[in-house]
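Below, each chain spelled out in residue letters.
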Amino acid sequence: MVGVSQNWERLVRATLKREQLRTAGQGHGRTPSGIAGAVPPSLSRATNIEAILQAADEIQAEDPHVARILCEQAYSMAQNLDPSSDGRGVLQFKTGLMSVIKQKLAKRDGARIDRGRDIERLWKFYELYKRRHKVDDIEREEQKWRESGTFSVNLGDALEMKKVLATLRALVEVMEALSKDADPGGVGGLIMEELHGIRKADATISGELTPYNIVPLEAPSFTNVIGVFPEVRGAMSAIRYAEHFPRLPADFEVSGQRDADMFDLLEYVFGFQKDNVRNQRENVVLAIANAQSRREKPAQADQVEPAQADPKIDEKPINDVFSKVLDNYIKWCKYLRIRLAYNSLEAINRERKLFLISLYFLIWGEAANVRFLPECICYLFHHMAKELDATLDHGEAVPAPSCRNASGSPSFLEKIIRPIYDTMAAEADRNSNGKAAHSAWRNYDDFNEYFWSPACFELRWPMRSDSSFLLKPKKSKRIISKLQTT
């Protein structure tokens, strides 16, 4: 168990380092203070106002005019998000921020401020800031550390780099917002070209601009060392797209700075939402990496080209995750005495296992209230797994028939989840705020018990819209008359 203990210590140290970087303000090495520390939760959850105001404070000494531009953009964002100041503390925050802006305007050099030239001033400062703080050098160093697989930079240097990148991120966001009204033939065009270049080529800045939960998979992040762990790299390699997978359409766009993987195929075939796909991709990678980290040794690189080969995940961690994720589905099939969507654990290869794990998580992640019907999820997975199996046996990926909407494009949410949800919502409307007798309406248990009987297969696949399960209750005369009078 020595190896497992060492793996655990290694993971804890990296996590603590990541948390030190994450909790150091928004990359400025301090707790938010002043107006940046007074951003109401209703605004900070939905925007980056706090980060923009911290950046304004950071660059105040360098260029107070640009600091004023950032503050005015933060105020505009707050106004757009809550124009009537209904949220708790929003009115006080706006009043305080406006006071700060007026103070900055009062401290000008006597020259009249031309707000029409704000975007040009912001662009020039952005270019100067990148040169002054040697952002290109930061990226080159980051690439060297990433290729070596180790991060030897000390915490102080990392915090300073994170501070620079956080300020740069705020500048980019404000430039993007203001450039919409700028001359596309002038500075507006230069900004759009810069933004395009950041997202396509600049790994360091793009990685810091791309949101993630725990592991940055869409783009590399300099401030997160977990992404270079062999277990994580091995898990990412395990779900990567293989040549023998069905071909995706030429116009299918892979998000971020990553290679295509299994989730891209599942997104295209079943029409899962992109945010759900991002979350579950990270969920699966973490599940596999965690299972591998509990082994005696970390994931090992292939012996052919150790410097370039990706670490390899053992078979047992994948089997452990597979059995745990699909445990309820296996029990459901056994109870109903039906065959699994796959022959057996031993009969399918690791790729099929990973596809099925990913499919189950994607179904669950986008199921809304339907996820509270675990056996209904089993029913959906059972049929969608068969559709996936048929897709994987073809040379070209095509949308699943069960998820195609009227336009022919797939949408799991629209074709699978919405009919079930609408039926449940219609039944819930009959419960008289919980006072109606249980016999008068179907609740969660009633819906779920339907899938504990072989009769559930009368719903068929694709689901029959005229099925008794999806039959919405008729509104009573009392309810109809009440609606008419109102």
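Rules used in this analysis
Residues numbered from 1 in each chain as written. Predicted model: local features only at pLDDT ≥ 70, side-chain atom pairs only at ≥ 80, totals over all residues. Heavy atoms only, no water. Axes fitted to C-alpha atoms, helices over the stretch in contact; angles between N-to-C directions. Helix = DSSP H or I, 4+ residues; strand = E, 2+ residues; numbered from the N terminus. Parallel < 35°, antiparallel > 145°, perpendicular 65-115°, else oblique. Left-handed = near helix turned anticlockwise from the far one by under 90°. Contact = heavy atoms within 4.5 Å. Buried < 20%, exposed > 50% of the residue type's maximum accessible area, 1.4 Å probe, protein only. Salt bridge = Lys/Arg side-chain N within 4 Å of Asp/Glu carboxyl O. Core = buried A, V, L, I, M, F, W, Y, C linked by side-chain atoms within 4.5 Å. pLDDT = per-residue confidence, 0-100. Polar contact = N/O pair within 3.5 Å; in protein donor to acceptor, adjacent residues only side chain to side chain.

### Regarding the packing of helix H11 (residues 230-238) against helix H13 (residues 274-293)
Taken N-terminus to C-terminus, the directions of H11 and H13 make an angle of 130 degrees; their axes are 8 Å apart at the nearest point. Here H13 runs oblique to H11, going by the angle between their axes. The way H11 lies across H13 gives a crossing that is right-handed. Contacts between H11 and H13 pair Glu231, Val232, Ala235 and Met236 from the former with Val285, Ile288, Ala289, Gln292 and Ser293 from the latter.

### Describing helix H3 (residues 49-58)
With eight of ten residues buried, H3 lies mostly within the body of the structure. What H3 keeps buried is the set Ile49, Glu50, Ala51, Ile52, Leu53, Gln54, Ala55 and Ala56.

### Remarks on the pattern of salt bridges
Summed over the entire model, instances satisfying the criterion amount to 18 salt bridges. A salt bridge links Arg281 to Asp264; the shortest N-O distance between them is 3.6 Å. Taken together, the residues span a long stretch of sequence, with Arg281 in helix H13 and Asp264 in helix H12 (residues 262-270) at a distance of 17 residues. With a relative accessible area of 2%, Arg281 lands in the buried category. Taking relative accessible area as the criterion, Asp264 reaches 1% and is therefore assigned buried. One salt bridge in this structure joins Asp275 and Arg278, with 2.4 Å as the shortest N-O distance. Taken together, the positions of Asp275 and Arg278, both in helix H13 and three residues apart, correspond to about one turn of that helix. Sharing partners across several salt bridges, the network here consists of Arg258, Asp261, Asp264 and Arg281.

### Here's the deal with the nonpolar core
The biggest cluster of nonpolar side chains holds 77 residues, and the ones touching the most others in it are Phe270 and Leu359. Looking at this core, the element that brings in the most residues is helix H17 (residues 374-392), giving ten residues. By size, the runner-up hydrophobic cluster in this structure holds 37 residues, among which are Ala56, Ile69, Cys71 and Tyr126.

### Considering the confidence of the model for the protein
Per-residue pLDDT for the protein has a mean of 77; in total, 69% of the residues score no lower than 70. Put simply, helix H20 (residues 477-485) is where the protein has its lowest mean pLDDT, 43, and helix H16 (residues 350-365) is where it has its highest, 95. In the model, residues 301-308 has pLDDT below 50 throughout and makes eight contacts with residues more than four positions away in sequence or in other chains. Per-residue pLDDT stays below 50 along residues 477-486; that stretch engages in two contacts with residues further than four places along the chain or on separate chains.

### Overview of the environment of Asp261
Examined against the element boundaries, Asp261 turns out to sit in the loop between H11 and H12. Relative accessible area serves as the criterion here: at 5%, Asp261 is assigned to the buried category. Distance from Asp261 to Arg281, taken between C-alpha atoms, is 9.3 Å for residues 20 residues apart in sequence. In contact with Asp261, not counting residues within four places along its chain, are Ile239, Arg240, Tyr241 and Arg281.

### Some points on the side chain of Ser402
As for its position among the elements, Ser402 is in the loop between H17 and helix H18 (412-428). Judged by its relative accessible area of 4%, Ser402 falls in the buried class. Within the structure, the side chain of Ser402 is placed 3.4 Å from the side chain of Trp461, a separation counted as a polar contact. Ignoring any residue separated from it by four or fewer positions in sequence, one finds Ser402 in contact with Glu387, Lys415, Ile416, Trp461 and Pro462.

### Details of H12
An α-helical turn contains 3.6 residues, so a residue and the one three or four places further along point in the same direction. Most of H12 sits out of view: eight of its nine residues are buried. For H12, every residue scored as buried is listed here: Met262, Phe263, Asp264, Leu265, Leu266, Glu267, Val269 and Phe270. Summarising the contacts, the buried residues of H12 are in contact with H11, H13, H16, H17 and H18. Its side-chain oxygen placed 3.0 Å from the backbone nitrogen of Phe263, Asp261 serves as the N-cap of H12.

### Things to note about the packing of helix H4 (residues 64-81) against helix H6 (residues 118-132)
Relative orientation of the contacting elements H4 and H6 amounts to 120 degrees, with a least axis distance of 10 Å. You can see that H4 and H6 cross each other, and the crossing is left-handed. Facing His65, Val66, Arg68, Ile69, Leu70 and Glu72 of H4, the residues of H6 in contact are Asp118, Arg121, Leu122 and Phe125.

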